[in-house]
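Breakdown of the fold
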Amino acid sequence: MHIALKWLAGLVTTSLLAAGGAAAWYIHTKQPVRSGVVDIENLSEPVFVSFDERGVPHIRAKNEDDMYRALGYVHAQDRLFQMEMVRRLANGELAEILGPKLVDTDRLFRTLGLRHHAKAAAAKMDMTTPPSLALLAYLDGVNQFQASHPAPLEFDVLGIPKRDFTPQDTLAVSGYLAYSFAAAFKTEPVMTFIRDKLGPDYLRAFDLDWHPQGVISTTALNSVDHSTLARLAQASDAALDVAGIARFEGSNAWAISGRRTTSGKPLLAGDPHIAFSAPSVWYEAHLSAPGFELYGHHQALNPLALLGHNQSFGWTLTMFQNDDIDLIAEKVNPENPNQVWYQGNWVNLETRSETIAVKGAEPITLALRRSPHGPIVTDAFATPLAQTPVAMWWAFLETENPVLDAFYALNRADTRAKARSAAENIHAPGLNVVWANTQGDIAWWASAKLPIRPAGVNPSFILDGSKPESDKLGFYNFAFNPQEENPARGYIMSANHQPKPSSGVPVPGYYNLADRAERLDQQLRNPDRRWDVAGAQALQLDVGNGYGPRILVDLMPVLKAVTTDPYEKAFLEPLEQWDGNYTTSGIAPLLFSQLLYEMAKGAMADELGEEQFNHLLRTRALDSALPLLAADAKSPWWDDVNTKEVESRFETMRKAWVSTLRHLESLYGKDLTQWNWGRAHTLTQVHPLGMQKPLDRIFNVGPFAVPGARETPNNLSAFIGPAPWAVNAGPSTRRVIDFANPGLAQGINPLGQSGVWPDDHYRDQTDRYVAGYYVPQHLDAEDVKANTQSRLKLRPAH
């Protein structure tokens, strides 16, 4: 990859120096074509595509088959490299084009079994159903574009051969999307390490019930086993970073009844929180055919919108965050390493082999094993000293999961009953579907197949596969899932917080902090307020929460007591007066965020060690632990185990405060006018090729100073760590729809429609996104006509 990227850097430099020459022509041949006439095979009638001022295609067809074929064609011309990368990630094929550094990533995804599962699922598909026909037509459009046009620039650089896209690819990508939601890989290994190596007193800071029954004993995992699991978690994160593929993190959504809005009709708002990348994750398209119309947000290799609206209804999504993965330590037969104890018997492990092609190196053959609980995920990084294989039970692999059918129906769900029925078919990953229509209905369904676990089992830890506690007793009926329809309070809000199901069914999960949900609910529950589009936008852009102030309630007395130097004392005043808002000009959020990291490091890094501590920094578990730690003066975490003395909260916080100021001084000097949140908190959207300098200056977009922070409504989020903070995830789009006039819906893309550099729509929305502006999403025919910038006619090739 390194040599190829250097070659590209030279090519681009040549292009700039030889403007108007052969290199410029080469770049020109890679650009999208949005006007003229193109002949397409398998069309039955001409299709007309109008491109608006943002490059959004408005597709008019005379039947749905032609409509989806046209969508595939125009989607591919803007996002073919993104499609290629995401299918290679899901199928474990990145090392073939990027070299040995991606072998661990491929090992991980082959071990998860996405490729194997997708192949089996594709073979069972009924290709005559409407959802399947839509997929086949869409992929035909994608493949026709690929076959008839020069390969994207990135294909040339990396030596990527053209291959047709298949239903198996789409299904594998859906598995990757489900996997990217899963927090179990990040959380369960470190929680198990804390329990096994440190004990229940240390777990108290994580607000987890202590259930010794049904979990693996403290001697079952050795230090190498823990290291293998930590490496698995690290690879899980690194895979998505290296490939430049979006990772799903959280979301906001709310629907407000017409009796609470100024227009008298429901208002729907949503902003899914996803890792930033170039190109951006969503591709907007307005589709119409007789009996069907939808303005939708699509993802690579999927013809069906995951977010959408029309003149009658609309919906948005947030991540449910339910725990649909259990990691299970297997008991191996000492007489036969290919057998494990399961339900009272030694049973054979299933085995298969797969080969990973590696650019510039010999292929690697993997021996993959599966127990009755699921794939043995530790085989991805097995070492001779590891003694306990760990399997992954995953609802995505264990349920029918007709997600293609679900979203085909949701794209047409103009009644509450239809939307509810569609939501019921989403089995994994868990999604909150928030829906509204012009008739006045609002609704929310927490969509997932919820497993029935034995009583008393805490799935926050690695479970013991030799005991019944690791078994699943079936799945709850969808009627028991958390859900609401037309609640009396007049609004529904979803922000990845733990719901309280009226059924009483337990829903364990890795939920986000409640602070963001509480901030939204505080505004929405005011019965005297009447909401409009501008008010909803302002709430999406809110940059505050109560997290910092509630931690500082316990820490400020400590900091005042241990800080005697006048210079250091001066910095306490901004913290004491802070209202919890993360504005770019503020100094308090800068001080607090660095202090939060120093507190976590000073308290926890000594017990956990560098590997486990760095792993913990990337989990939601730490977000919940730090307020509890700050409030607990007697927590054993405060002691530094590397010294003979027993440190208290006072000593550890004194060191943390001094370290905070010294670190910020090293970055920004002693001139306090240079200390502000915007200088330290920036957004850069990174293209896979932009990871190599100097290509970052060409393909990446940023940096931009941005407000907001981790778990504010404007959730421009960075991991807990030392300054400066590179924002890694946030609103992947912001949408607001007033159903009094859905044609005036507002939205924004953080980058642009096109993934093709240097197309006009590669980054034409970024400045407005950062500034908090919105743009119209044209739906009405006259509005589309007035804003059309170019027209493309696709005609049957016969």
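Scroll up a little and you will see the structure.
Residues numbered from 1 in each chain as written. Predicted model: local features only at pLDDT ≥ 70, side-chain atom pairs only at ≥ 80, totals over all residues. Heavy atoms only, no water.

This brings us to the pairing of strand E2 (residues 47-52). Burial analysis of E2 places five of its six residues in the buried class, the great majority of the element. Sheet topology places E2 next to strand E30 (residues 788-796); six bridges connect them, and they run antiparallel. Within the sheet, the bridge partner assigned to Asp52 lies in E30 and is Thr788. Two elements, E2 and strand E3 (residues 57-60), share four bridges in a ladder whose sense is antiparallel. Directly across from Phe51, in E3, lies its bridge partner Pro57. Hairpin connection between E2 and E3: a loop of four residues separates the two successive antiparallel strands, and Gly55 in this loop has a positive phi of roughly 85°. (Buried < 20%, exposed > 50% of the residue type's maximum accessible area, 1.4 Å probe, protein only. Helix = DSSP H or I, 4+ residues; strand = E, 2+ residues; numbered from the N terminus. Pairing = 2+ DSSP bridges.)

Our focus in this paragraph is unusual backbone geometry. With an omega dihedral of 0°, the bond running from Ala278 to Pro279 counts as a cis peptide bond. Relative to the elements of secondary structure, Pro279 occurs in the loop between strand E5 (267-275) and strand E6 (283-289). Of note, Gln343 is a non-glycine position whose phi angle comes to about 50°, a positive value. Structurally, Gln343 is set in the loop between strand E12 (336-342) and strand E13 (345-348). Within the chain, Asn496 stands out as a residue other than glycine whose phi angle is a positive 65°. The topology assignment puts Asn496 in the loop between strand E22 (491-494) and helix H16 (514-524).

According to the stated counting rule, one finds nine cavities of 30 Å³ or more in the structure shown. By volume, the largest cavity amounts to about 360 Å³. Lining the largest cavity are 27 residues, with Leu177, Asn302, Leu306, Val403 and Phe407 positioned closest to its centre. Mapped onto the lining of the largest cavity, the elements with two or more residues apiece are helix H9 (167-181), E5, strand E9 (313-319) and helix H14 (403-410). (1 Å grid on protein atoms, 1.4 Å probe; cavity = no way out; pocket = protein on both sides within 12 Å on 5 of 7 lines; lining within 4 Å. Points joined across faces, edges and corners; volume = space filled by probe spheres on them.)

The next thing to look at is the pairing of E13. Pairing of E12 with E13, which is carried by four bridges, proceeds in the antiparallel orientation. Each bridged residue has a counterpart across the sheet, and for Trp341 the counterpart in E13 is Trp346. What sits between the antiparallel neighbours E12 and E13 is a turn of two residues, in which Gln343 has the positive phi angle 50°.

Now for the pattern of salt bridges. All told, the structure shown has 39 salt bridges when counted by the stated rule. Put simply, Asp140 and Arg69 hold a salt bridge, and the shortest N to O gap is 2.6 Å. Linking Asp140 in helix H7 (residues 130-148) with Arg69 in helix H3 (residues 64-91), this pair joins segments that are 71 residues apart in sequence. When its relative accessible area of 19% is taken as the criterion, Asp140 is described as buried. Given the relative accessible area of 7%, Arg69 is considered buried. Through salt bridges with shared partners, a single network forms among Glu84, Arg87, Arg88, Glu93, Glu96, Arg115, Arg163 and Asp169. (Salt bridge = Lys/Arg side-chain N within 4 Å of Asp/Glu carboxyl O.)

It is worth spelling out the nonpolar core at this point. Membership of the largest hydrophobic core comes to 134 residues, with the highest contact counts inside it found for Tyr68 and Leu794. Looking at this core element by element, the count peaks at 14 residues for H3. Contact partners of Leu794, with chain neighbours within four places excluded, come to Val38, Ile40, Leu43, Glu45, Pro46, Val47, Val49, Ala70 and Tyr73. Core analysis: the second largest hydrophobic core is formed by 61 residues, Phe461, Leu591, Phe592 and Ala718 among them. (Core = buried A, V, L, I, M, F, W, Y, C linked by side-chain atoms within 4.5 Å. Contact = heavy atoms within 4.5 Å.)

Relative to each other, helix H18 (residues 547-562) and helix H23 (residues 649-668) sit at 80°, their axes nearing to 9 Å. When the axes of H18 and H23 are compared, the pair comes out roughly perpendicular. Residues Asp554, Leu555, Val558, Leu559, Ala561 and Val562 of H18 form the contact with H23, whose own contacting residues are Arg649, Phe650, Met653, Arg654 and Trp657. Of the residues that constitute the contact of H18 with H23, the class distribution is eight nonpolar, no polar and three charged. (Axes fitted to C-alpha atoms, helices over the stretch in contact; angles between N-to-C directions. Parallel < 35°, antiparallel > 145°, perpendicular 65-115°, else oblique. Nonpolar A, V, L, I, M, F, W, Y, C, P; charged D, E, K, R; others polar.)

Think of a ball as big as a water molecule: rolled over the atoms, this probe shows where empty space is left. Within this model, the second largest pocket holds a volume of roughly 780 Å³. Lining the second largest pocket we find 30 residues, and of these His117, Ala120, Ala121, Lys124 and Glu400 sit closest to its centre. Breaking the lining of the second largest pocket down by element, the ones donating at least two residues are helix H6 (114-124), H9, strand E14 (350-356), strand E15 (364-371), helix H13 (395-398) and H14. Classifying every residue of the lining of the second largest pocket gives 13 nonpolar, nine polar and eight charged.

Functional significance is not addressed by these values, which are geometric in nature.
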